[in-house]
There are 4 protein chains.
Amino acid sequence: MAKKTGEKYQAIIEAAVKVIAEHGYHNAQVSKIAKEANVADGTIYLYFKNKEDLLISLFHQKMGEWIMVTKEAIEQAKTAPEKLLTLIHTHFYHLSTHLNFAYVTQVEMRQSNPRIREGVRRSVKSYLNLIDEVIELGMKEGVFRSDIQLFTIRKMVFGTLDEAVTAWLMNDRKYELMNQVIPIHTLFINGLKADKQ
Amino acid sequence: MAKKTGEKYQAIIEAAVKVIAEHGYHNAQVSKIAKEANVADGTIYLYFKNKEDLLISLFHQKMGEWIMVTKEAIEQAKTAPEKLLTLIHTHFYHLSTHLNFAYVTQVEMRQSNPRIREGVRRSVKSYLNLIDEVIELGMKEGVFRSDIQLFTIRKMVFGTLDEAVTAWLMNDRKYELMNQVIPIHTLFINGLKADKQ
Amino acid sequence: MAKKTGEKYQAIIEAAVKVIAEHGYHNAQVSKIAKEANVADGTIYLYFKNKEDLLISLFHQKMGEWIMVTKEAIEQAKTAPEKLLTLIHTHFYHLSTHLNFAYVTQVEMRQSNPRIREGVRRSVKSYLNLIDEVIELGMKEGVFRSDIQLFTIRKMVFGTLDEAVTAWLMNDRKYELMNQVIPIHTLFINGLKADKQ
Amino acid sequence: MAKKTGEKYQAIIEAAVKVIAEHGYHNAQVSKIAKEANVADGTIYLYFKNKEDLLISLFHQKMGEWIMVTKEAIEQAKTAPEKLLTLIHTHFYHLSTHLNFAYVTQVEMRQSNPRIREGVRRSVKSYLNLIDEVIELGMKEGVFRSDIQLFTIRKMVFGTLDEAVTAWLMNDRKYELMNQVIPIHTLFINGLKADKQ
DNA sequence: TATGAATGAGTCTTCATTCAT
DNA sequence: GATGAATGAAGACTCATTCAT
């Protein structure tokens, strides 16, 4: 029970993302997901323990892909400010180009129950760690101020990006999200700039 | 139907805040709220059109109180940076001292359905306007940079504060939220600082 | 939740007995019982915690009525052998005249799950106590042998009556159950007769 | 399809007995039985028409073994009272030493559906015939009374033995079943004793 | 106004059975 | 013969809302 691989596993995950994005969290019945994935209702339970497990797995996997992309992009950049720019860019770009996932993560999934949210939280933690690494590097490099605690800065960075994406989606994407990469980076860099001694 | 005043109206709102905070959004049944408010289930429908209306009204009213407090506090401050400091301080202080409401707004209410979230959004808009006013003032004063769009800055400010409070609550409030007022203010001020020409 | 009185409570119990007797245990859906009782499905849950609770309550109540009838009948009889005759007679007569309950208790309910069967078992215990009292009286009176343990005799008495009723029902009641009262009583009396010293 | 021989056929039957006894009737899924028998789920359907057929076959075979043992034992005894003693002894001894089957037949199988119970009934009939033969012999010998119908006596005998074993199992076998052989035999013999003319 | 008993729509999950390999 | 992945039908229970009193 609960095989975590196979093409049907993938098909179900993709179907779930699509159904949730299109119909909303509260209208994403198991039967609807099964139909979208072209499998029987029961088949879902060969790959997932229950609906909760499906949603958490979905999030875990999609979040994992996003984190990987971000990690690789950041590695290309050299300095901490450049890495931060890359992170902002990748954050916006990835969600812009994975709209269904964007809706799922920014809007729909937040309506889920506490246990699912806890699973989500764990997946998000890895992403927060990525942010932390960039900030810490900047502090070591001496380009980011280190008199403010890491976790306070992380909240500014993540909170700002998260709010920017959510607002963009809730306003029906009627402006260009990517245009905010530079301004937000500028705000961060200025905010984080180490005092010149 | 739907009388928007009376002591029972208030009692029901307060009961709803308490029940949601204590039992979670998904366990806040109308009957439980009625019991907490010492009224019959049916009585709730004399004051609210339906559960959705109750939740939106609740949020609207509580948000209104919060906004009023913030507005008054900001008026006391003179310069934009001081007003921003006051806003951050009041944001954290108000939610610290209205814990039930804090949980309702930061954690529980986000699990609600799209229509309720839309109602919530409208209430939040007034708060975002407050932020906008402070930023705009700073721009006029020439102390905040004006080469970055207002709504981008607003997202940084609100996103950061929101994330800070949510993380604090989700971590069981095991550190002092008020300690982050100054660091966050510092980050904002530096980020927003107008270039000295 | 779970009011154990009222006319609807009774109506639901009677409906359940009827539906189980007519459609069999495995075809006695809550919705079918609700329809038979002329109430909404949900109403059943105002009176019973769940389906299990309904079935156990049903059995408890019907068994209680049966036990009361038997107890009163036995009290009229004077000697232990007469009381035993009365018990056999009442056992057969009550089930003959409460056919739906007879099917429920002898045939359908035995297909239920362990928790329900445990509830049933508790109700049956009171009936076994009645049998015990009669046997013990006979032993005290010196008319029943006391060199055989009470619980062995009780098993003979209950086992025989139970088997007699079940076989009668399973054979579509094509013979007269009441005709077995005297022969079975004779068998018991002879079997139990105390040795004349 | 439905080959009624082969070592897998046996393996499946034995596995079913074990699984039902250990996990209970309602938790004896086909897949669990297949696993226990070290065959694939589908293989079961090469040997049995369906689950019902498996359960009925299982019962038929195990009951057949039991009947054979009993028949042989009875033949050793000479008089009807001795044969009755042997039958009681074998009844208790066989079930004591085939505990899994005892649970299956006395407890678990009774939760099954009507069609299975009908199959079970047919298997039991052969056993009841054995009892009948012993009683009839006693009547012919003139040691058992013949003024009471055979089928009434048979119900006493079978009902008593059945109740004795079931009660023993339901009470977790905390007393010695074999100790009841003599007392029950005594009860029967006295009950059945022909009037001395 | 206020009550609270009654309503009934809506969904996740299990598991016996099949059939392509 | 043997496999085991896939199927899909079926039912208990919750809770927002109503309405007779």
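Residues numbered from 1 in each chain as written. Chains lettered and ligands numbered in written order. Predicted model: local features only at pLDDT ≥ 70, side-chain atom pairs only at ≥ 80, totals over all residues. Heavy atoms only, no water.

Per an unreviewed UniProt entry, chain A carries the name TetR/AcrR family fatty acid metabolism transcriptional regulator and comes from Ammoniphilus resinae.

Attention now moves to the arrangement of the chains. Separated throughout, chain A and chain D approach each other most closely at a C-alpha pair spaced 12 Å apart. Nothing in chain B touches chain D, and the closest approach of their C-alpha atoms is 32 Å. (Contact = heavy atoms within 4.5 Å.)

With that settled, the discussion passes to helix α7 (residues 114-141) of chain C. All names here are of chain C. When the terminal C-alpha atoms of α7 are compared, their 40 Å separation across 28 residues agrees well with the 40 Å that a helix rising 1.5 Å per residue should span. Capping the start of α7 is the job of one residue whose side-chain oxygen sits 2.9 Å from the backbone nitrogen of R115: N113. Positive phi shows up at G142, right after α7, with a value of about 85°. (Helix = DSSP H or I, 4+ residues; strand = E, 2+ residues; numbered from the N terminus. Expected span 1.5 Å × (residues − 1). Polar contact = N/O pair within 3.5 Å; in protein donor to acceptor, adjacent residues only side chain to side chain.)

On to unusual backbone geometry, then. All names here are of chain B. Backbone geometry at R173 places phi at a positive 55°, although glycine is not the residue there. As for its placement among the helices and strands, R173 is situated in the loop between α8 (150-170) and α9 (181-192). What makes R173 partly exposed here is its relative accessible area of 36%. (Buried < 20%, exposed > 50% of the residue type's maximum accessible area, 1.4 Å probe, protein only.)

So, about the nonpolar core. Counting 134 residues, the largest nonpolar core has F92 and F188 of chain A together with F188 of chain B as the members making the most contacts within it. For F188 of chain A, the contacting residues outside a window of four places in its chain are L84, I88, M156, V157, T160 and L161 of chain A together with M156 of chain B. I13, A16, M63 and A102 of chain D belong to the second largest nonpolar core, which has 132 residues in total. (Core = buried A, V, L, I, M, F, W, Y, C linked by side-chain atoms within 4.5 Å.)

Take chain D, turn it by 179°, move it 0.2 Å along the axis, and it overlays chain C with an RMSD of 0.2 Å. In symmetry terms, the pair is related by a two-fold rotation axis. (Least-squares fit on C-alpha atoms with pLDDT ≥ 70 in both.)

So, on to the protein's contact with DNA strand E. Taken together, 29 residues surround DNA strand E, and among them Q29 of chain A, T43 and Y47 of chain B together with T43 and Y47 of chain C come closest. For DNA strand E, the backbone makes up 70% of the atoms found within 4 Å of the protein, where backbone means sugar plus phosphate. Interatomic distance of 2.9 Å between a side-chain N/O atom of K51 of chain A and a phosphate oxygen of DNA strand E. Residue T43 of chain C places a side-chain N or O atom 2.2 Å away from a phosphate oxygen belonging to DNA strand E. Secondary-structure elements contributing two or more residues to the surface near DNA strand E are α3 (41-47) of chain A, α3 (41-47) of chain B, α3 (41-47) of chain C together with α3 (41-47) of chain D. If you tally residues by element for the surface near DNA strand E, the top one is α3 of chain B, at five residues. (Near = heavy atom within 4 Å.)

What follows concerns the UniProt feature "DNA-binding region" (unreviewed entry) in chain A. As annotated by UniProt and renumbered to match this structure, "DNA-binding region" (unreviewed entry) occupies residues 29-48 of chain A. Annotation note: span residues 29-48 of chain A, helix share 70%, strand share 0%, distance between end C-alpha atoms 15 Å. (UniProt positions renumbered as here; feature names shortened; annotations may be inferred.)

The angle between the axes and the distance between the axes are what describe a pair of packed helices. Residue and element names in this part refer to chain C. Relative orientation of the contacting elements helix α5 (residues 80-97) and α7 amounts to 160°, with a least axis distance of 8 Å. Compared by their axis directions, α5 and α7 come out roughly antiparallel. The hand of the α5/α7 crossing is left-handed. Packed against α5, whose contacting residues are A80, P81, K83, L84, L87 and H91, the element α7 presents Y127, I131, V134, L137, G138 and E141 at the interface. Per-class residue counts for the contact of α5 with α7 are eight nonpolar, two polar and two charged. (Axes fitted to C-alpha atoms, helices over the stretch in contact; angles between N-to-C directions. Parallel < 35°, antiparallel > 145°, perpendicular 65-115°, else oblique. Left-handed = near helix turned anticlockwise from the far one by under 90°. Nonpolar A, V, L, I, M, F, W, Y, C, P; charged D, E, K, R; others polar.)

Taken together, the contact between chain D and chain C spans 33 residues of the former and 34 residues of the latter. Of the roughly 2900 Å² buried between chain D and chain C, counting both surfaces, carbon and sulfur atoms make up 65%. On the chain D side of the contact with chain C, K155, E163 and L187 of chain D bury the most area, a combined 21% of that side's loss. For the interface between chain D and chain C, the tally reads zero salt bridges. Applying the counting criterion to the chain D and chain C interface returns five residue pairs in polar contact (both at pLDDT 80 or more). Elements that contribute at least two residues to the side of chain D that touches chain C include exactly α7 (114-141), α8 (150-170) and α9 (181-192) of chain D. Per element, the largest residue contribution to the side of chain D that touches chain C is twelve residues, and it comes from α8 of chain D. Grouping the constituent residues of the side of chain D that touches chain C by class yields 16 nonpolar, eleven polar and six charged. (Buried area = accessible area lost by both parts, 1.4 Å probe. Salt bridge = Lys/Arg side-chain N within 4 Å of Asp/Glu carboxyl O.)

Across the contact, 34 residues belong to chain A and 33 residues belong to chain B. Both faces considered, chain A and chain B share a buried interface measuring about 2900 Å² in area, 65% of it formed by carbon and sulfur atoms. The largest share of the area that chain A buries against chain B comes from K155, E163 and L187 of chain A, three residues that together contribute 22% of it. Between chain A and chain B we count zero salt bridges in total. Taken together, the links from chain A to chain B amount to five residue pairs in polar contact (both at pLDDT 80 or more). Those elements that provide at least two residues to the side of chain A that touches chain B are α6 (99-108), α7 (114-141), α8 (150-170) and α9 (181-192) of chain A. Here the element with the most residues in the side of chain A that touches chain B is α8 of chain A; it accounts for twelve residues. Considering only residue class, the side of chain A that touches chain B consists of 16 nonpolar, twelve polar and six charged.

Turning our eyes to something else, we now look at the packing of α5 of chain C against helix α9 (residues 181-192) of chain C. All names here are of chain C. Interhelical geometry of α5 versus α9 gives an angle of 145° and a closest axis separation of 10 Å. When the axes of α5 and α9 are compared, the crossing they make is right-handed. Between α5, through P81, L84, L85, I88, H89 and F92, and α9, the contact on the second element is made entirely by V181, I182, I184, H185, F188, I189 and L192. Classifying every residue of the contact of α5 with α9 gives eleven nonpolar, two polar and no charged.

Turning next to the environment of D53 of chain A. Residue and element names in this part refer to chain A. Summarising the element assignment, D53 is placed in helix α4 (residues 51-76). Distance in space between the C-alpha atoms of D53 and F92 is 27 Å, their sequence separation being 39 residues. Those residues in contact with D53 that lie beyond four places of it in its chain are K4 and F48.

Residue and element names in this part refer to chain A. Taken domain by domain, chain A comprises domain 1 (1-48) and domain 2 (58-192). Taken together, the twelve residues of domain 1 in the interface contact twelve residues of domain 2. Roughly 1100 Å² of surface becomes buried between domain 1 and domain 2 when both sides are summed, with 65% attributable to carbon and sulfur atoms. Summed over the three residues of domain 1 that lose the most area to domain 2, namely V17, A21 and Y25, the buried surface amounts to 50% of that side. Seen at the junction of domain 1 and domain 2, the total is one salt bridge. Here K62 and E14 are joined by a salt bridge, their closest N and O atoms 2.8 Å apart. There are four residue pairs in polar contact (both at pLDDT 80 or more) connecting domain 1 and domain 2. (Domains from an automatic or database assignment.)

What follows deals with the pattern of salt bridges. Any two side chains of opposite charge can pair if their charged atoms end up close together. A complete count under the given rule lists 32 salt bridges over all chains for this structure. Two residues, R115 of chain D and E52 of chain D, come together in a salt bridge whose shortest N-O distance is 2.9 Å. Here the residue R115 of chain D occupies a position in helix α7, and E52 of chain D occupies one in helix α4 (residues 51-76), the gap between them amounting to 63 residues. Each of E14, K62 and E65 of chain A takes part in one network of salt bridges that share partners.

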